[in-house]
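Residues per chain are reported as follows:
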Amino acid sequence: MSDSNITITRRDFLKKMATTSAAATAYSLFPGIAFSGLDAFNSGTSKLAWKKTPCRFCGVGCGLLVGIQKGKAIAVKGDPSSPVNRGLCCVKGYHSIQALYGKDRLKKALIRKNGKLVEVPIQKALDIVAQKMKSTIESHGKDSVSIYGSGQWTIPDGYVASKLMKGAIGSNNLEANARLCMASAVTGFITTFGLDEPMGCYEDIDHANTFVLWGNNMAENHPVLFSRLLERKQKQKDIVIVDLATRTTRTSFASDRSILFNPQTDLAIANAICYELIRTERVNWDFVNKHCSFKKGKTNIGYGLEEHFKFKDKAQDNSLKEYKHFLKDYAPEKVEALTGVSAKDLRFLASLYGDANRKVMSFWCMGFNQHTRGTWINNLIYNIHLLAGKISTPGNSPFSLTGQPSACGTVREVGTLTHKLPHGVVMSKKARKLAAKIWNVPLKRIPPKPTHHTVSMFRALDRGDIRFMWIQVTNPMVTMPKLSRYRDGALKKDRFVVVSDVYPTPTTDIADVVLPSAMWFEQEGMFGNSERRTQHFERLLEPPEDAMSDTWQLIEVARKMGFKKLFPWGKETYIQDIWNEYRKFHDSPKHAMAPYEELKKKPGVMWPFVKGKETKWRYHGKTDPAAQGDTFDFYGKPDHRAWIWQRPYEPPPEMPDQKYPFWLNTGRVIEHWHSGSMTRRIPVLHKAVPHSYVELHPQDAKKLGIQHGEQVRLVSRRGSLELSASINQRARPAPGQVFVPFFDEGKLINELTLDAYCPISKQPDYKKCAVRVEKI
């Protein structure tokens, strides 16, 4: 039952990540398999029907094999045929099926009567949703209604939502929670390369010998991929892993070098590396001269805190001479005090990128993206790789990771953001014409201007510009920054909120209608993971009682609103029909998608898929069917060159002071996923980490007279929260910093966070605001 191809190093690492005794038992009795109950242990595995599906609990896209017996999922193991995880899972994957069977699973539709949610037949609830959408549009206009979705949406979910809002209703009030986690990655890709998503793939790990992790606790947030790094280190002696972060984590302990930096100063660090590459003559000038252009944009661009904040960047030509002059301010000795990183360590980092004998991967996730200069720091990491000429070839890859199973496939590719269409942006007449043709709607139906990004959308709900919001597959009443404002706004008079979910949450608590959703085990669909891999999955189980897929909920409401001609698909084949229609938007070598039949045969296919072959490395003529010639071709830009951006360090809008002397950082733990609405209902994971906490550095704790486990109060300019202190446990923040995971709906840390965002990507910064710590 174990996979002999998996090394002990990887398995030992993942076992250590599984911090509960129950998880360890599952590993020891049946290596690589976790069971949901004692009956499964007694019966063994011979009677189980094993079915394939991708895991939902991050953006990596691990393949699972789910053991089905008598219509129930009772066992899980990693899929050895998956090129992503090669038979291994993290502790969430191994216990994923238990999320199906929580006692409070939503199985019936609910509507609010006299302040209480009461059960009603699902069709009645869908009638109410359709009628309310129509009446709101009639009274307040089409931009008074909105849909807020998720990177957990399947591709069909997102496609139908986009077609309903933009093609049927004619409003761009469509957003998704991926705006909160990867929007800066998108704008970073587009401003540098002209097109979104990574140029490389996970196979780069097998070719690289140097891994620099930028603000990314990969050991807990992408543990299976991190285990692949450790496997490389086990097999090859020259492998170097560097953890560049603001706190010491399990990733730091497993790395060859841990370098701590001050919050926000990653901008200065990246510029210092570029300075050193030029100073030490380690730039690949042949590559730069042939394939790069120098650009600069606006500076002092604001933070999005104003109510109707607007910003548009403007790219201007820059010269190499001016760029070199700009970088002089980032010489290592000049920025070591600002960054907290010694000049020696800055030069060490530059030496890794500049070494011609090293193939370098850079990994990042929320630390970069949840950043008031998130677009800039994405640009700067590309600057490093472009100057070194280490990009778009096996093992040389700047790689932006994602935290949700289809943040790429659904949000970025389908385009479930206010400015997006499945193949372009609403501002492009050419893109609107194509959408109008495929959807068979008038061109004028699709508005040419974006409306509200996520923070703006919830502000509009608070103001009353938006009166109706349908929330699917996400929990914004836990995850929105400056939460109290947006929760209070959703509860105001004349607001109507619909929530589709699988369990009660703080978001269903504020809903007027709750629709019970099917989980991914209970429906057919597709996800798109971080490496451009589209993964099809079959329905393995029947959804309970009235629960239905989010796709079918949207179709039902669309039809009830009078749009049946736009949503003609039958219930037996609608997933295939939707996919076939959606593929028409990507009918070019730049983004061609695999046929439905091909997706069903394989554990995922990477796009572009051209002439029966997937593309592993983009922007090179030898590996990318869209590239011209036999060398690099950055065809996303008009000049076919990647852009090296001049981006300065700028401070965050809120910094520690005498009244609020600590930095607050938020994030995740390995046992829980995002807001915890599913993982906290998995007994093993909930028992392992039942409540949130605040990490303090031992020096700070000593000064404040705080012992491990004691209750403390965090206070920001927006709110306060009581938590237990965690000192020298799984991780340790730097002095003057605190860290709080956000999975606990009973400890709403986002009541303290600030809703400042990157003016280019509109993604909020959850990593930096000022708080004080009070002993209770």
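All values reported here derive from a predicted model rather than from experimental measurement.

Regarding the layout of surface pockets
Point 1. Of the voids in this model, the second largest pocket is the one considered here, and its volume is about 360 Å³.
Point 2. Around the second largest pocket, the lining comprises 15 residues; the ones closest to its centre are Gln523, Glu524, Arg539, Lys571 and Tyr574.
Point 3. Across the lining of the second largest pocket, the residue classes tally to 7 nonpolar, 2 polar and 6 charged.

With respect to empty space enclosed by the protein
Point 1. According to the stated counting rule, one finds 3 cavities of 30 Å³ or more in the structure shown.
Point 2. In the lining of the second largest cavity, the residues fall into 9 nonpolar, 2 polar and no charged.

Observations regarding the packing of aromatic side chains
Point 1. Applying the stated criterion across every chain yields a total of 34 aromatic pairs.
Point 2. Here the aromatic rings of Phe193 and Phe634 are separated by 5.8 Å at their centres, their planes lie at 35 degrees, and the arrangement is tilted. Separated by 441 residues along the polypeptide, Phe193 in helix H7 (residues 183–193) and Phe634 in the loop between strand S24 (613–614) and strand S25 (642–646) bring together distant segments of the chain.
Point 3. Owing to a relative accessible area of 0%, Phe193 belongs among the buried residues under this scheme.
Point 4. For the pair Phe527 and Phe537, a centre-to-centre distance of 4.9 Å together with 45 degrees between the ring planes defines the contact as tilted. Note that Phe527 is positioned in strand S20 (residues 525–528) and Phe537 in strand S21 (residues 533–537), a separation of 10 residues in sequence.
Point 5. Connected via pairs of aromatic rings, a cluster forms that spans Phe189, Phe193, Trp214, Phe287, Trp364, Phe368, Tyr382, Tyr619, Phe632, Phe634 and Tyr635.
Point 6. Here Lys77 stacks its cationic end above the ring of Trp50, 4.3 Å away from the centre of that ring.

Some thoughts on the sheet that holds strand S10 (residues 240–245)
Strand pairing in a sheet is mediated by backbone hydrogen bonds. Such pairs are either parallel or antiparallel.
Point 1. As summarised here, the arrangement of the 5 strands in space is S12-S10-S9-S15-S16, forming an open sheet in which the pairing is parallel. Looking at strand neighbours, the two that pair on one side only are strand S12 (257–260) and strand S16 (397–400), the edges of this open sheet. Strand-to-strand twist of the sheet, defined as the mean angle between neighbouring strand axes without regard to direction, takes the value 15 degrees.
Point 2. Across 5 bridges, strand S9 (residues 210–214) lies against S10 in parallel orientation. Residue pairing across strands places Leu213 opposite Asp243, the latter belonging to S10.

Considerations on helix H18 (residues 374–388)
The α-helix winds at 3.6 residues per turn, so residues separated by three or four positions along the chain end up facing the same way.
Point 1. Helix length check: H18 (15 residues) gives 22 Å between terminal C-alpha atoms against 21 Å at 1.5 Å per residue, within 8%.
Point 2. Among the 15 residues in H18, 15 count as buried, and that is most of the element.
Point 3. Two residues or fewer past H18, Gly389 is found with a positive phi of approximately 70 degrees.

Some thoughts on the sheet that holds strand S14 (residues 316–317)
Point 1. With respect to topology, 3 strands assemble into an open sheet ordered S14-S13-S25, the strand pairing being mixed. Each edge of the open sheet is held by one strand with a lone partner, namely S14 and S25.
Point 2. Most of the contacts of helix H14 (residues 320–327) go to S25, to which it runs at about 40 degrees, and overall it touches strand S13 (292–296) and S25.
Point 3. The sheet strands contacting H18 are S13 and S25, and the helix crosses S25 at an angle near 120 degrees.

Some words on helix H12 (residues 266–279)
Point 1. Over its 14 residues, H12 runs 20 Å from end to end, which matches the ideal 20 Å to within 8%, given 1.5 Å per residue.
Point 2. Of all 14 residues that make up H12, 12 are buried, and the element is covered over most of its length.
Point 3. Residues of H12 that are buried include every one of Asp266, Leu267, Ala268, Ile269, Ala270, Asn271, Ala272, Ile273, Cys274, Glu276, Leu277 and Ile278, and no others.

Regarding the nonpolar core
A general tendency of soluble globular proteins is for nonpolar side chains to be buried together.
Point 1. Ranked by internal contacts, the top residues of the largest apolar core, which has 88 residues, are Phe193, Trp214 and Leu386.
Point 2. For this core, the element with the most residues is H12, which contributes 9 residues.
Point 3. Dropping the residues within four chain positions of it, Leu386 is found in contact with Thr192, Phe193, Phe287, Val288, Cys292, Ile391, Phe634, Ala642, Trp643 and Ile644.
Point 4. Grouped together as the second largest cluster of nonpolar side chains are 63 residues, Ala130, Leu515, Leu566 and Phe567 included.

Regarding the packing of H12 against helix H16 (residues 343–354)
Point 1. Look at H12 against H16: their axes get within 9 Å of each other, and the N-to-C directions meet at 60 degrees. By crossing handedness, the relation of H12 to H16 is classed as right-handed. Between H12, through Ile269, Ala272, Ile273, Glu276, Leu277 and Arg279, and H16, the contact on the second element is made entirely by Leu346, Arg347, Leu349, Ala350, Tyr353 and Gly354.
Point 2. The residue makeup of the contact of H12 with H16, split by class, is 8 nonpolar, 1 polar and 3 charged.

Quick look at the environment of His708
Point 1. Its location among the elements puts His708 in the loop between helix H28 (698–704) and strand S28 (711–715).
Point 2. Taking the relative accessible area as the measure of exposure, His708 reaches 44% and is therefore partly exposed.
Point 3. Within the structure, the side chain of His708 is placed 3.2 Å from the backbone nitrogen of Ile727, a separation counted as a polar contact.

Remarks on the pattern of salt bridges
Pairing is possible between side chains of opposite charge, provided their charged atoms come close.
Point 1. With the rule as written, the count across this model stands at 46 salt bridges.
Point 2. Of the charged contacts in the structure, one is a salt bridge between Lys235 and Glu231, with a shortest N-O distance of 3.6 Å. In this pair, Lys235 and Glu231 both sit in helix H10 (residues 223–235), 4 residues apart, roughly one turn of the helix.
Point 3. Judged by relative accessible area, which is 61%, Lys235 ranks as exposed.

Some points on unusual backbone geometry
Point 1. Here Trp607 and Pro608 are connected by a cis peptide whose omega angle stands at -5 degrees.
Point 2. Turning to its location among the elements, Pro608 is positioned in the loop between strand S22 (605–606) and strand S23 (609–610).
Point 3. One non-glycine residue with positive phi stands out, namely Arg86, at about 55 degrees.
Point 4. With respect to the helices and strands, the residue Arg86 is situated in the loop between strand S4 (72–78) and helix H4 (91–94).
Point 5. Positive phi, normally seen in glycine, also occurs at Lys762, with a value near 65 degrees.
Point 6. The topology assignment puts Lys762 in the loop between strand S31 (737–741) and strand S32 (769–775).

Overview of the confidence of the model for the protein
Atomic detail in the predicted coordinates should be set aside for any region of low pLDDT.
Point 1. Overall, the predicted model of the protein reaches an average pLDDT of 94, with 94% of residues at or above 70.
Point 2. Here residues 1–43 is modelled with pLDDT under 50, and outside its nearest four sequence neighbours on either side it reaches 96 contacts, counting other chains as well.

The rules behind each value
- Residues numbered from 1 in each chain as written.
- Predicted model: local features only at pLDDT ≥ 70, side-chain atom pairs only at ≥ 80, totals over all residues.
- Heavy atoms only, no water.
- 1 Å grid on protein atoms, 1.4 Å probe; cavity = no way out; pocket = protein on both sides within 12 Å on 5 of 7 lines; lining within 4 Å.
- Points joined across faces, edges and corners; volume = space filled by probe spheres on them.
- Nonpolar A, V, L, I, M, F, W, Y, C, P; charged D, E, K, R; others polar.
- Phe/Tyr/Trp six-rings, centres within 6.5 Å; stacked < 30°, edge-to-face > 60°.
- Helix = DSSP H or I, 4+ residues; strand = E, 2+ residues; numbered from the N terminus.
- Buried < 20%, exposed > 50% of the residue type's maximum accessible area, 1.4 Å probe, protein only.
- Lys NZ or Arg CZ within 6 Å of the ring centre and 35° of its normal.
- Pairing = 2+ DSSP bridges.
- Axes fitted to C-alpha atoms, helices over the stretch in contact; angles between N-to-C directions.
- Expected span 1.5 Å × (residues − 1).
- Contact = heavy atoms within 4.5 Å.
- Core = buried A, V, L, I, M, F, W, Y, C linked by side-chain atoms within 4.5 Å.
- Left-handed = near helix turned anticlockwise from the far one by under 90°.
- Polar contact = N/O pair within 3.5 Å; in protein donor to acceptor, adjacent residues only side chain to side chain.
- Salt bridge = Lys/Arg side-chain N within 4 Å of Asp/Glu carboxyl O.
- pLDDT = per-residue confidence, 0-100.

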